[in-house]
Structure formats: C-alpha cells, structure tokens
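# Observations on the three-dimensional arrangement
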Amino acid sequence: RLETGILGRAVKVYDFEYDLILNPDYNTKSHTQWYLFRVGNMRKGQSYRFNLLNMVKPTSVYNDGMRPLQYSTINATANGVGWTRCGDKIAYYQNGIRKKGGTNYYTLTFVVTFEHDCDLVYFSHCYPYTYTDLQNDLRELEKDPNMSRRLRRRKLCETLAGNACDLITITSFCSDPAALRARRAVVITARVHPGESNASWVMKGMLDYLTGPSLDARILRDNFVFKIVPMLNPDGVIVGNYRCSLAGQDLNRLWDDPSRKMHPTIFFTKSMMRHLMNDRDVILYIDIHGHSRKKNVFMYGNSEGSSSKEKIFPGLLCRSSDCFCFDDCCFKIQKCKESTARVVAYRELSIANAFTLEASFCGADFGPLADYHFTIRHLEEMGYMICDAILDFCDPDQTKVLQVMRELQLLYPDDGASDDVSDSEDDGAAAARARRRKSGVGGGSGSKKAKREKATSKKKATHASEKAVEGRSATAEGQATEAASAREGGGPRARGDVPRSAGRQSTRETRWRDAEDVQALRRVVGAAQEEAERWNGVGGASSSSAAVDPGGASAGPGREREAGGVSSAQVRRARKKKRSTNGSKAVARGDAETALQDGQGGEGDPGAGGGASSSAAAAAASSTRSQSGDLRLAKVFPPLGNNNARPRRSAEARGAT
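Residues numbered from 1 in each chain as written. Predicted model: local features only at pLDDT ≥ 70, side-chain atom pairs only at ≥ 80, totals over all residues. Heavy atoms only, no water.

## Section: the overall build of the chain
Stated formally: In DSSP terms, a helix is any run of H or I states spanning at least four residues, a strand is any run of E spanning at least two, and both are numbered starting from the N terminus. Relative accessibility decides the category of a residue: with a 1.4 Å probe and only protein chains considered, values under 20% of the type maximum give buried, values over 50% give exposed, and everything between is partly exposed. Contacts between residues were defined by any pair of non-hydrogen atoms, one from each residue, lying within 4.5 Å. Areas reported as accessible are Shrake-Rupley estimates using a 1.4 Å probe. Residue values count occlusion only from the protein chains shown.
Of regular secondary structure, the chain possesses 19 helices and 16 strands. For the chain, the residues scored as buried account for 52% of the 657 residues in total. Counting only contacts in the chain whose residues sit at least 6 apart along the sequence, the fraction spanning at least 24 positions is 75%. When the accessible surface of the chain is totalled, it reaches about 29600 Å², and 49% of it is carbon and sulfur.

Laid out in structure tokens, this is it:
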C-alpha cells in the first residue's frame, strides 16, 4: 500500500478522462482534501484529464494559481528530477453532488500531458513527508557522533495503532548543571493534521538549523531547551488522512480535555508541557500547520486586551522572512478555537506567546516570491527564520523589539481587519469574506486602497523608528569611542566594546555572552549565600531581608542578604571558614575579580554588574569558579573559524524544484 495514499476509486468516463473518488478520513464521512495517487501505463504526448469529485472545501488556492505536484519515476532515475508543478486547465468549483448534510461537494480538475510511455507518475496535493521520512531523518541526525551533545530522542507515547510519537530535546547537554537548569524552554509541535505535509518541511528546517554548526544555532542551544514533537498524528499520516486521527477526531480540537486512551499524543504532549513549566519558564509555543485557502505564511495568536506584546514575535518574524505576512495574522480568540493548542497553551498553561504558524500550500502574494509556489527550500528556510526570530525576541539588546512595538502601535492600534479563517470550515462564510475583502466593501485590509494606505503608513513608521534607532546608535558609538580612548590611555577594556565592523553575528554573540555572565554571577552569589546560611543554621532568617542582585534586577529565591537576627560576626565567621576550606584554590580569586570588573558597565549595558556586587561576591565567584573550572561562558563560545555559515540546504537531495 502507498503510504499516505488516499485514492478510493477511479472511473474511466472517456478515453483520456478519469473521475477520481478520494477516501474520507478513517471513521469519518468527510475531510477529503489531501490526495496522493500514482498513474501508470500512459502514452507519451497524450493529454489526460483527472477530476477529483469529492473535495469539501468551499474555496481553494487552486483558483488563485496553485498547481498540483507530480513525480516521474523515469525523470527521477535518469535526470535526478523530483517533485515538479504540473497541470493545465486547472479549476476548483462546486459540483452537483450533494452530501448527506445538504451541502455540495467540490471538484478539482486538471489536465496533464505525460513525457514518457509506461512511466509511473505520482500526483500530490503538496510535497509528501511521510512517517518513514521522519524516522529516516531522525536516524540520520543520530548517526552524527557529535549529535549526542545537542539532541536527545525518546518516545513520548504510542498511538492507537502502536506507532511511536517522538519527543526531541535540543540543547547543549555538556554545560554546567546549574546553567542547564536555569535555561528557558521553547516548545514546538507539528503535523497534528496529517494532510498538512508542508508543516513537516518547516519543522525539518528547524531541526536542521538547531542541530547545525552555525554560531546562531550554538547560541540558541546554549541558552534554551527546545522540546519538539515533530509529528503529533503519526497514524493519520500513515493512512493518508487529511485532518483526523484513527478515532475520526480532529486532535487540534481536544487540547482542553484530551483522553489518555483515545488521544494519547495530545494527552502526553500537554502533560509534558505542564511538567516542563514546573522546571523552567516556557517563553514560546508554536504549533505548525498548513493552510489550503490563503497564501503566504502567517500566525494566529492570542490577545484578549489592547496589549501589543503578543504581536511582537510575529512582527519580528515578518522582518526576517520574505514570505511571512503580518497583515494575514489574527490575534482574536473565536469560540470555536477555544480547545485548540494555542488557546489552551495561552489560557490554561499561561504561555503568553502561544501561536499557530500557518504555511500556505500555494505560495506568496507579495514581495520577491509573489505569484511563485513555495518549494521545499522555501519551507525549510521558514524554519530557519523562526529560529532567527527567537534570537531577536530574546536578545539582551531589545532595540528590535522596541522598534517593532512602535510600528505595531502605529499600524495596528486594534487587531486589524484580518480574519481567523479556519482551514476546517466547510461552509461559504470564508468565501463571502474573501469576496468582500477583494471588492473593498467595508474598507477591510483586503481592499487595494486600504493596502496602499497601510503600506504608506508602514513606511512612515519604519522611517521614524529607524531615525530613533540611529540616534541611539550615535550615542552608543560615542560611548564606544570614549571607551576606545580610555583603552589607548591604559584603561581597562570593557567586554561590551565591539568594533562596529565586527558584524551582526559577533555583536549578537557578545550580547548573549554578557547576559549569560550576569546570570552565572547571580547563581554564584546565590549559592554562596545559601552555604553561609547553612553554616550558621539560620536558613529561615533571611526571608525578610534586603536583596542582593549584582545585575541590578530584583532578587529571587536564594539571593537574599543575611539579616534579621544574623549578626555580622556570624557572617564573618562563616566567610572565614569558607575561605579556609578553599584556601588551596584561592589563587583564582584574581580572575573572578577581573571578570566582575569586566562585567561592570553603564546602566544600559546588558552585561553591567552594577555597583551592588561586593568583595564577598568576588570571593564567592572565585571559589565557585575554582571548583567547576572556568566560567561557563568561556567554554560556550570557542573560536569557530569558518563555521558561522548556516547549515547546508538538503532540499536538493530531496529533489525540490
């Protein structure tokens, strides 16, 4: 049986015309949109017409220029050509065949001329990505001997059919345990709808990027823990379902109350997220999907107030990618979407930045990719851009974030006019909205006049924000010049002083290193204070004391000053005893004090130590550093040589065109 194949019956109506009936999803009577079938015994140069009669979507991007995909076995063997777009006289329309519910089916028809006699040709709705492909790709990653330091794979659960649902963890596992515990988490899921194979290609791009040798990938691994479920519905992918599991249920409508027995992948993924939130902060959740009725790549988010914070990440992604359209994003929560992954993650799990990423089956309608189909390469690059946007989103230098916030406040004071067009709708409501937007009724964002006005406003907002950034850059440049003059006169070199010609990646590396140094110092000071409390038996006496924070931020657990019943003599005795215990390693104290001096900067320096750190903090830092080796970030960023390039694309090996 053809994996993910779904053709139920073929009827020859004329010599070179066939009517095709697709099987609905298992245990359902609908959800027929995905197709993958093969044809043989054809004649060279002859045109054949294929009519797929039982489509259910009222609209489709086939009417906007999308073409089916074909794979010729002879071309692949002889010329190395993989999946290519094909077909002429393509149409998608409502036919006269009525469903039991009273609505009509829709027909997709196209004409194909074959190049070879007796070839074996496959036709598909989108680039296929099967469960077997996923297993092969994960095995290839695990073959790399260096991958054990970056990637761990385990079975999250078994599906109804006994297939394994994989959970991938990506981070730098060889780091200091304390630093590993302090990292924030990012959760990514995909392929809850088995017919949306383009979601798997975006996911593959993310996996290749995060496990690659580039500098940005290393920064991500050193600062975050990525929990990835690349295929939430393996059973549906294997049997060729479009939307449902073997139980005949849409798993993306069951996140509010999943069954351990009937919906194991959703149940255990949600449980994993709960346990993860007990251990660390989850700053971002993305569920990757495909969309059959809209172009571009866009996001659905959650915003129940007037705040624009939930729109920052899509705004950053729009700056990074040529095919991501912010105008198509929607941040409203419809009642029918309250049980989806992003809404449950937002409301029930309290993940503020929870999104659904939608990638069109067709292509883009703006920019350099306008009126072009998305290829495998474009989808994988979308995965790269998501990772790049995560770096910008959490960058210690929040200049880009502030700039995006200003643009959003100017251009989108409300939520915009974009509609949350569900890909599961089977009525004519979406078609009516599309007609109104196209004709410009109501002044929606789809009208040409509104788009022109929005583009003009966006240019003005971008120009204003860039001028503001230039002003801040000029100030920073002046400070850097002063620092350089001080260095020429023999003054100490500040860690944040990077030549302006050092490039984007070097500057980003320095910012992350400075921020990580501050976090490491905070952990050192907290550990020293906790040990002092244990020496004196006054662990509960410091709950009401003042906070010590070398980074200038508010104190957290384990970072309180000894006070409230603790005498200064007790503190001195504890410190004296600690110094005598580590006396053989006291020579490292000078290195720690130098690091503290390097970390002290201006008020806006991400690595500023501030004046709050005392000589006790320096001694504690030297003691802890001598026990665990050099400060963790000294090992995180060794010289990389020419490894700063992004990972090589694998689309050519897949035969993408």
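## Details of the confidence of the model for the chain
For clarity, the threshold we go by: Values of pLDDT, the confidence the predictor places in each residue, fall between 0 and 100.
Looking at the chain, pLDDT values average 76 and 63% of them are 70 or higher. The model gives residues 538–566 a pLDDT under 50, and that stretch makes 54 contacts with residues more than four places away or in other chains.

## So, the sheet that holds strand 6 (residues 84–85)
For clarity, the threshold we go by: When DSSP finds at least two bridges between two strands, those strands are taken to pair.
Strand order in the open sheet made by the 4 strands is 3-9-5-6, with antiparallel pairing throughout. Looking at the sheet topology across the chains shown, the edges are occupied by strand 3 (36–39) and strand 6. The sheet contact formed by strand 5 (residues 69–72) and strand 6 spans 2 bridges and is antiparallel. If you follow Gln70 over to strand 6, its bridge partner there is Thr84.

## Topic: the side chain of Ser72
Convention followed: Here a polar contact is recorded for every N or O atom pair within 3.5 Å, except that within protein the pair must consist of a potential hydrogen donor and a potential acceptor, and residues adjacent in sequence are included only if both atoms are side-chain atoms.
Structurally, Ser72 is set in strand 5. When its relative accessible area of 7% is taken as the criterion, Ser72 is described as buried. In terms of polar contacts, Ser72 uses its side chain to reach the backbone amide nitrogen of Asn75, at 3.3 Å. Setting aside its immediate chain neighbours within four residues, Ser72 contacts Val81, His116, Asp119, Leu120 and Val121.

## Some details on helix 10 (residues 376–393)
Rule in force here: Multiplying one less than the number of residues by 1.5 Å gives the expected span of a helix.
The end-to-end C-alpha separation of helix 10 is 26 Å, in line with the 26 Å expected for 18 residues at 1.5 Å each. Judged by how many residues are buried, helix 10 sits mostly within the fold: 16 of 18 residues are covered.

## Observations regarding the pairing of strand 16 (residues 354–360)
Across the 7 residues of strand 16, 7 count as buried, placing the element largely inside the fold. With burial as the criterion, each face of strand 16 is covered, one bearing Ala354, Thr356, Glu358 and Ser360 and the other bearing Phe355, Leu357 and Ala359. Bridge count between strand 14 (residues 282–291) and strand 16: 7 bridges; the pairing is parallel. Residue pairing across strands places His289 opposite Glu358, the latter belonging to strand 16. In the sheet, strand 15 (residues 297–300) pairs with strand 16 via 4 bridges, with the strands oriented antiparallel. For Tyr300, the partnering residue across the bridge sits in strand 16 and is Thr356.

## Details of unusual backbone geometry
Here the phi dihedral of Asn27 falls at roughly 65°; this positive angle occurs in a residue that is not glycine. Among the structural elements, Asn27 can be located in the loop between strand 2 (17–22) and strand 3. Positive phi, normally seen in glycine, also occurs at Asn41, with a value near 60°. Position of Asn41 relative to the elements: it lies in the loop between strand 3 and strand 4 (47–55). Taking relative accessible area as the criterion, Asn41 reaches 66% and is therefore assigned exposed.

## Details of empty space enclosed by the protein
For clarity, the threshold we go by: In this analysis, the protein atoms alone were mapped onto a 1 Å grid. Cavities are point sets where a 1.4 Å probe fits without being able to get out; pockets are open sets with protein on both sides within 12 Å along at least five of seven lines; lining residues have an atom within 4 Å of a point. Grid points are joined across faces, edges and corners, and a volume is the space filled by probe spheres set on the points.
Counted according to the given criterion, the structure contains 6 cavities of 30 Å³ or more. Within this model, the second largest cavity holds a volume of roughly 100 Å³. Thr159, Asp235, Ser245, Leu251 and Pro264 are, among the 13 residues lining the second largest cavity, the residues nearest its centre. Broken down by secondary-structure element, the contributors of at least two residues to the lining of the second largest cavity are helix 6 (234–239) and helix 7 (264–279).

## Quick word on a nonpolar patch on the surface
The line we're drawing: Nonpolar side chains (Val, Leu, Ile, Met, Phe, Trp, Tyr) are joined into patches within 5 Å and like charges within 9 Å, using only residues with over 30% relative accessible area and no salt bridge. Salt bridges, as used here, are contacts in which a Lys or Arg side-chain nitrogen is within 4 Å of a carboxyl oxygen on Asp or Glu.
A cluster of nonpolar side chains, namely Val11, Val13 and Tyr14, defines an oily patch on the protein surface of about 270 Å² accessible area. Here Val13 shows up in strand 1 (residues 7–14). Among the residues examined, Val13 registers a relative accessible area of 33% and is labelled partly exposed.

## Considering the sheet that holds strand 1
Rules: Convention adopted: a line fitted to C-alpha atoms gives each axis, helices being fitted over their contacting stretch, and angles between N-to-C directions are expressed from 0 to 180 degrees.
An order of 1-2-4-8-7 is seen for the 5 strands of this open sheet, with the pairing classed as mixed. Both edges of this open sheet fall to strand 1 and strand 7 (88–98), since each of them pairs with a single strand only. Recorded for the sheet is a direction-independent mean angle of 25° between the axes of neighbouring strands.

## Here we look at the packing of aromatic side chains
Going by this rule: Geometry of aromatic contacts follows a simple scheme: Phe, Tyr and Trp rings, the Trp one being its six-membered ring, pair when their centres are within 6.5 Å, and the pair is stacked under 30 degrees between planes, edge-to-face over 60, tilted otherwise. Criterion for a charge above a ring: Lys NZ or Arg CZ within 6 Å of the ring centre, and within 35 degrees of the ring normal.
The tally for this structure, following the rule as stated, stands at 21 aromatic pairs. Between Phe114 and Phe123 the ring centres are 6.1 Å apart and the planes differ by 70°, which places this aromatic pair in the edge-to-face class. On the basis of relative accessibility, which here comes to 5%, the residue Phe114 falls in the buried class. Using a relative accessible area of 0% as the deciding quantity, one classes Phe123 as buried. One cation-aromatic arrangement involves Lys337 over Tyr300; the distance from NZ or CZ to the ring centre is 5.5 Å.

## Remarks on the packing of helix 8 (residues 312–320) against helix 10
Note the threshold: Throughout, the term roughly parallel applies to angles under 35 degrees, roughly antiparallel to angles over 145, roughly perpendicular to angles from 65 to 115, and oblique to all others. Left-handed describes a crossing whose near helix is turned anticlockwise from the far helix by less than a right angle; the clockwise case is right-handed. Here the nonpolar group is Ala, Val, Leu, Ile, Met, Phe, Trp, Tyr, Cys and Pro; Asp, Glu, Lys and Arg are the charged ones; every other residue, Gly included, is treated as polar.
Where helix 8 contacts helix 10, the axes come no closer than 9 Å and their chain directions differ by 125°. For the element pair helix 8 / helix 10, the angle class is oblique. The two elements helix 8 and helix 10 meet at a crossing, and its hand is right-handed. Of the residues in helix 10, those in contact with Ile312, Phe313, Leu316, Leu317 and Ser320 of helix 8 are Met382, Met385, Ile386, Asp388, Ala389, Ile390, Asp392 and Phe393. Here the contact of helix 8 with helix 10 is composed, by residue class, of 10 nonpolar, 1 polar and 2 charged.

## Concerning the environment of Pro230
Mapped onto the elements of the fold, Pro230 is located in the loop between strand 13 (224–229) and helix 6. Judged by its relative accessible area of 3%, Pro230 falls in the buried class. C-alpha of Pro230 to C-alpha of Leu207: the two residues are 23 residues apart in sequence and 9.1 Å apart in space. The contact partners of Pro230, leaving out residues within four places of it in the chain, are Leu134, Asp166, Ile168, Ala190, Arg191 and Met203.

## With respect to the packing of helix 8 against helix 11 (residues 399–411)
It is at 9 Å that the axes of helix 8 and helix 11 come closest, and there the two elements cross at 100°. Here helix 11 runs roughly perpendicular to helix 8, going by the angle between their axes. Contact residues: helix 8 offers Ile312, Gly315, Leu316 and Arg319, while helix 11 offers Lys400, Val401, Gln403, Val404, Met405, Glu407 and Leu408. Here the contact of helix 8 with helix 11 is composed, by residue class, of 6 nonpolar, 2 polar and 3 charged.

## Digging into helix 7
Over its 16 residues, helix 7 extends 23 Å from the first C-alpha to the last, a length consistent with the 22 Å expected when each residue adds 1.5 Å. Three or more residues of helix 7 are buried, namely Pro264, Thr265, Ile266, Thr269, Lys270, Met272, Met273 and Leu276.

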